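# Structure at a glance
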Amino acid sequence: MINNLLIVESPAKAKTIEKILGKDYQVKSSMGHIRDLSKNEISIDIQKNFKPKYIVPPDKKKVVNELKEVVKKSKTVWLASDEDREGEAIAWHLAEVLNLDPGKTKRIVFHEITKEAVEEAIQNPRAINQDLVNAQQARRVLDRLVGYELSPVLWKKIKPSLSAGRVQSVAVRLIVEREREIINFKSTSAYKVSAIFDFTDGSGKKYQLKAELNEKFAEKKKAFEFLNLCKSATFTVDNVTRKPARKSPSPPFTTSTLQQEASRKLNYSVAQTMTLAQRLYEAGKITYMRTDSVNLSNTALDATSDIIVSTFGERYLNRKNYKTKSKGAQEAHEAIRPTHPDKETVTGNTSEKKLYELIWKRTIASQMSDAQLERTTVTISVSNAREKFIAEGEVLKFDGFLKVYFESSDDEAEENSSGLLPPIEKGMNLTYNNILATERYTHYPSRYTEASLVKKLEELGIGRPSTYAPTISTIQQRGYVMKEDRPGRERMYSLLLLENKTLREETKTEITGAEKNKLFPDNIGMIVNDFLVEYFDNILDYNFTALVEKEFDEIATGNLNWYEMIGKFYKPFHDKVTKTLAKSAVNKGERRLGNDPDSGKPVIVRMGRFGAVVQIGEIAGPEKPRYASLRKGQNIESISLEEALELFKLPRTIGKFEDKDLIVSIGRFGPYIMHNSTFYSLNKNTDDPYSIDRERAIEVIHEKRQKDKNKILRAFKEDPELFILNGRWGPYIKYKKENYKIPKTAEPGKISYQECLELVKNPPASKKAKK
């Protein structure tokens, strides 16, 4: 008989708790959720009696049967799944599926996997919180209803295999709308004027001061006129102001701020951050990683305060407890922090260590004193003009929390603060060393990164800590959104330089539009978004999605009946689905660009079976239309007629090699060269099929031939179909299009013909993969 059976949702968590509790408890894992909503009967049940039907998936039946056997032998069953709504729902499903006796079942929660926290939870068990379960049920049911009813509409009206979701579709809408802002953005230029002034103090020591004009000039002519005035102007220090300033530390991490900061500082994706945080939590190194609270427990505050005082001194301590400002935050939870703040680093792989150290620094810094600064502003008048030059500097008087941590920013335009200014006083006369007017262009709104999208979703009250990572992963996996780098293009700009009373103009180039790890909507994402906005505007309304999250919060606190909330939503939504299926037209995002100058046929851009295509000619016309796929970065909404016609220049012959044509084209799997009936793939990132020349094509062919030559370790005269090849995972035998392993004990270069045949006839047994 087992005295105590404790069930958690993951093997890693089970292993850590087992070490803490020892032999008195047997710890088992449910491997996550053990039940799921029935796909076929959810809508019917909601209409009849608002009780969704759950089933145990086939892959979970073995786990369930094993748990049932252990439960029979146990005196007390402890359900220790995570403390959030999803964890509460897992505990409820376990109780239902395993037919647990309420008299011998106890629910416990802990925010961190430490001996003290787990033992305290065992001393304070409670019943399953049905309100939290209902809030999770409501989310699951509503999201399934939206997904199951909207997706078939997209299959019929746009393209098979598409999907829609309550939160994911809103996230796509944000990205699509930002892209359209960028497409419609009209950049304007203005001239920014900066100067370097020389001056000498009372002792004869020379200094330089950099300042910027307080206005920009919209026209080059105005900038010229101002610089000409400066040739004979007198520059005087009008005013010097010095003001104290402070910088305060950021609160400890919530889920969203951890995702944002890990993206900015460590270049981690949102999904990667959550995977690493999950491992750290399950290993007992950090507190629970799905939280929207910035609170710290008194125990954590005490430990953090002791570290700050002992390491940096009393002056650096400023103990405080933060209040959560985000919508729907659950103050009962705690911020993400180290379980043992005295450990500055932990064991684990490099990625885990970096994330842990980031969490440690943020937690310690949150309880440290403000940084104290002195900001100096110098105003310089120009004797013959109304504009003034401004110089700003900043001096760090006391570093405070900056000794440990400085928060990054998503603002691409943010510039670093100026340093210390030279000793300067009001009334001093300055001499210009040089004055520079640089043409600067207005920048389009920044595209979302994963981090800035999480921030926006949180600001709008859309989703919760547990939904950000899966939402962002889903919209990329479905092909609605791409995360990628784009190289940018060259742009000319003017520069006017006044030096030694001589004014000259230069033209320079810069790269504009370069992007790194940004989210771009795919053509299909834009078409699906437009369709949903047109026919299901309420589902994609930001306020509606945020209101639904508030209603989930109301259900979680017992102030709203969950099935009434679902029923109120479902009927009008279902009616709209039926109406849309009956009345809406098929949408392929089609645009007519004009006519082909050679044939006079219409040029159309639209979604095709394998992506966006340009089509010359009508499908119903006497001749079959010609098609060309859009290139990477091209958009159905913005492609021009000239750009579309350019796509039909492939395939193109770029010369001959070995008396055979070199033909460049693009196939289903990317760009390639065809030579003597053999295909050679081009690098999608570096080789442009529209501009590649004969020399580069020959180079690609030689590279491939050399690679193939190096691949063959040995051939046999006795049988031309038998080879020993060098593969990605090491040497292997290839015989009649089949591959065979070579034992590790054998030397590939010395295997004889007969030994090869024996290995083909009796291949070595494969080892079974470890679970």
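Reading the values: the criteria
Residues numbered from 1 in each chain as written. Predicted model: local features only at pLDDT ≥ 70, side-chain atom pairs only at ≥ 80, totals over all residues. Heavy atoms only, no water. Pairing = 2+ DSSP bridges. Helix = DSSP H or I, 4+ residues; strand = E, 2+ residues; numbered from the N terminus. Axes fitted to C-alpha atoms, helices over the stretch in contact; angles between N-to-C directions. Buried < 20%, exposed > 50% of the residue type's maximum accessible area, 1.4 Å probe, protein only. Contact = heavy atoms within 4.5 Å. Phe/Tyr/Trp six-rings, centres within 6.5 Å; stacked < 30°, edge-to-face > 60°. Lys NZ or Arg CZ within 6 Å of the ring centre and 35° of its normal. Core = buried A, V, L, I, M, F, W, Y, C linked by side-chain atoms within 4.5 Å. Polar contact = N/O pair within 3.5 Å; in protein donor to acceptor, adjacent residues only side chain to side chain. Left-handed = near helix turned anticlockwise from the far one by under 90°. Nonpolar A, V, L, I, M, F, W, Y, C, P; charged D, E, K, R; others polar. Expected span 1.5 Å × (residues − 1). pLDDT = per-residue confidence, 0-100. Arc of directions from axis to C-beta.

### What about the sheet that holds strand S20 (residues 626-629)?
Across the sheet, four strands lie side by side as S17-S18-S19-S20; this open sheet has antiparallel pairing. Lying at the two open borders of the sheet, with one neighbouring strand each, are strand S17 (591-595) and S20. Averaged over all neighbouring strand pairs, the angle between strand axes comes to 25°, with direction disregarded. Examined bridge by bridge, S17 and strand S18 (residues 602-608) share four bridges and lie antiparallel to one another. Pairing of Asn595 across the sheet is with Pro602, part of S18.

### What about the environment of Leu276?
Summarising the element assignment, Leu276 is placed in helix H10 (residues 270-282). Given the relative accessible area of 4%, Leu276 is considered buried. Sequence separation between Leu276 and Tyr207 is 69 residues, and the spatial gap between their C-alpha atoms is 51 Å. Aside from chain neighbours lying at most four places away, what touches Leu276 is Tyr268, Asn349, Ser351, Glu352 and Leu355.

### Some points on the packing of aromatic side chains
Across all of its chains, the model carries 19 aromatic pairs by this definition. Pairing Phe312 with Tyr316 gives two aromatic rings, centres 5.9 Å apart and planes at 45°, and the pair type is tilted. Site record: aromatic cluster; members linked through ring pairs are Phe197, Phe217, Phe226, Phe235, Phe389 and Tyr432. Above the plane of the ring of Trp92 lies Arg35, whose end atom (NZ or CZ) is 5.4 Å from the centre. Taking the ring centre of Phe398 as reference, the NZ or CZ of Arg315 above it sits at 3.8 Å.

### Details of the nonpolar core
Residues Leu6, Phe110 and Leu355 are the most contacted members of the largest nonpolar core, which totals 122 residues. Looking at this core, the element that brings in the most residues is helix H6 (residues 130-157), giving 11 residues. Sequence-distant contacts of Leu355, that is, excluding residues within four places in its chain, are made with Leu258, Ala262, Leu266, Tyr268, Thr273, Leu276, Ala277 and Leu280. Membership of the second largest hydrophobic core comes to 34 residues, among which are Phe199, Ala391, Ile435 and Leu496.

### So, the environment of Ala556
Tracing the sequence through the fold places Ala556 in helix H16 (residues 542-556). Residue class for Ala556 comes out buried when judged on its relative accessible area of 11%. Separated by 219 residues in sequence, Ala556 and Arg337 place their C-alpha atoms 25 Å apart. Non-local contacts of Ala556, meaning those with residues more than four positions away in its chain, are made with Arg85, Asp131, Leu132 and Ala135.

### What to know about the side chain of Ser81
Residue position: Ser81 is located in the loop between strand S5 (74-79) and helix H4 (85-97). Taking relative accessible area as the criterion, Ser81 reaches 3% and is therefore assigned buried. Looking at Ser81, its side chain comes within polar contact range of the main-chain oxygen of Gly87, at 2.6 Å. The residues contacting Ser81, other than those within four sequence positions of it, are Ile7, Glu9, Lys13, Gly87, Ile90, Ala91, Arg107, Ile108 and Val109.

### Section: the packing of helix H9 (residues 255-266) against helix H12 (residues 350-366)
H12 packs onto H9 with a crossing angle of 115° between their chain directions and a minimal axis gap of 11 Å. For H9 against H12, the interelement crossing comes out right-handed. Residues Thr257, Leu258, Glu261, Ala262, Lys265 and Leu266 of H9 touch H12, and the partners they reach there are Lys354, Leu355, Leu358, Ile359 and Arg362. Broken down by class, the residue content of the contact of H9 with H12 amounts to six nonpolar, one polar and four charged.

### A closer look at the pairing of strand S26 (residues 719-727)
Pairing analysis gives four bridges linking strand S25 (residues 712-716) to S26, with the strands arranged antiparallel. When the sheet's bridge partners are listed, Ile712 is paired in S26 with Leu725. Taken together, S26 and the strand that follows it, strand S27 (residues 730-735), pair antiparallel across an intervening segment of two residues.

### So, H4
Between the first and last C-alpha of H4 there are 18 Å, a value that for 13 residues agrees with the 18 Å anticipated at 1.5 Å per step. Most of H4 is tucked away: 11 of the 13 residues are buried. Taken residue by residue, H4 has Arg85, Gly87, Glu88, Ala89, Ile90, Ala91, Trp92, His93, Leu94, Ala95 and Val97 as its buried positions. Once H4 ends, the next one or two residues include Asn99, with phi positive near 50°.

### Notes on the sheet that holds strand S1 (residues 2-8)
Remark on secondary structure: sheet strands pair via backbone hydrogen bonds, oriented parallel or antiparallel. Spatially, the four strands line up as an open sheet ordered S2-S1-S5-S6, and their pairing is parallel. Strands with a single pairing partner mark the edges of an open sheet, and in this sheet they are strand S2 (26-29) and strand S6 (105-107). Taking each pair of neighbouring strands and ignoring which way they run, the sheet shows an average axis angle of 25°. Here S5 runs beside S6; their pairing, made up of three bridges, is parallel. Across the sheet, the residue bridging to Trp78 is Lys106, located in S6.

### Examining the pairing of S18
On a regular strand, each side chain points to the face opposite its neighbour's, so the side chains alternate between the two faces of the sheet. Of all seven residues making up S18, seven are buried, and the element is well covered by its neighbours. Pairing geometry for S18 and strand S19 (residues 611-616), over six bridges, is antiparallel. Of the residues in S19, the one forming a bridge with Val605 is Val614. Counting the residues between successive antiparallel strands, the hairpin from S18 to S19 contains two residues.

### With respect to the confidence of the model for the chain
Across the chain, the average pLDDT comes to 90, with 95% of residues at or above 70. Between the elements of the chain, mean pLDDT differs from a low of 51, seen in helix H2 (residues 42-48), to a high of 97, seen in H12. Low confidence marks residues 412-417, where pLDDT is under 50. Its contacts with residues over four positions away, or in another chain, come to six contacts.

### Describing helix H3 (residues 61-72)
Across its 12 residues, H3 extends 17 Å between first and last C-alpha, which sits within 8% of the 16 Å expected from 1.5 Å per residue. Regarding H3, the residues found buried are Val63, Val64, Leu67, Val70 and Val71. Looking straight down H3, one finds that the buried residues subtend no more than 125° of arc, so they occupy a single side. Exposed residues on H3 whose side chains face more than 90 degrees from its buried face are Lys62 and Lys72.

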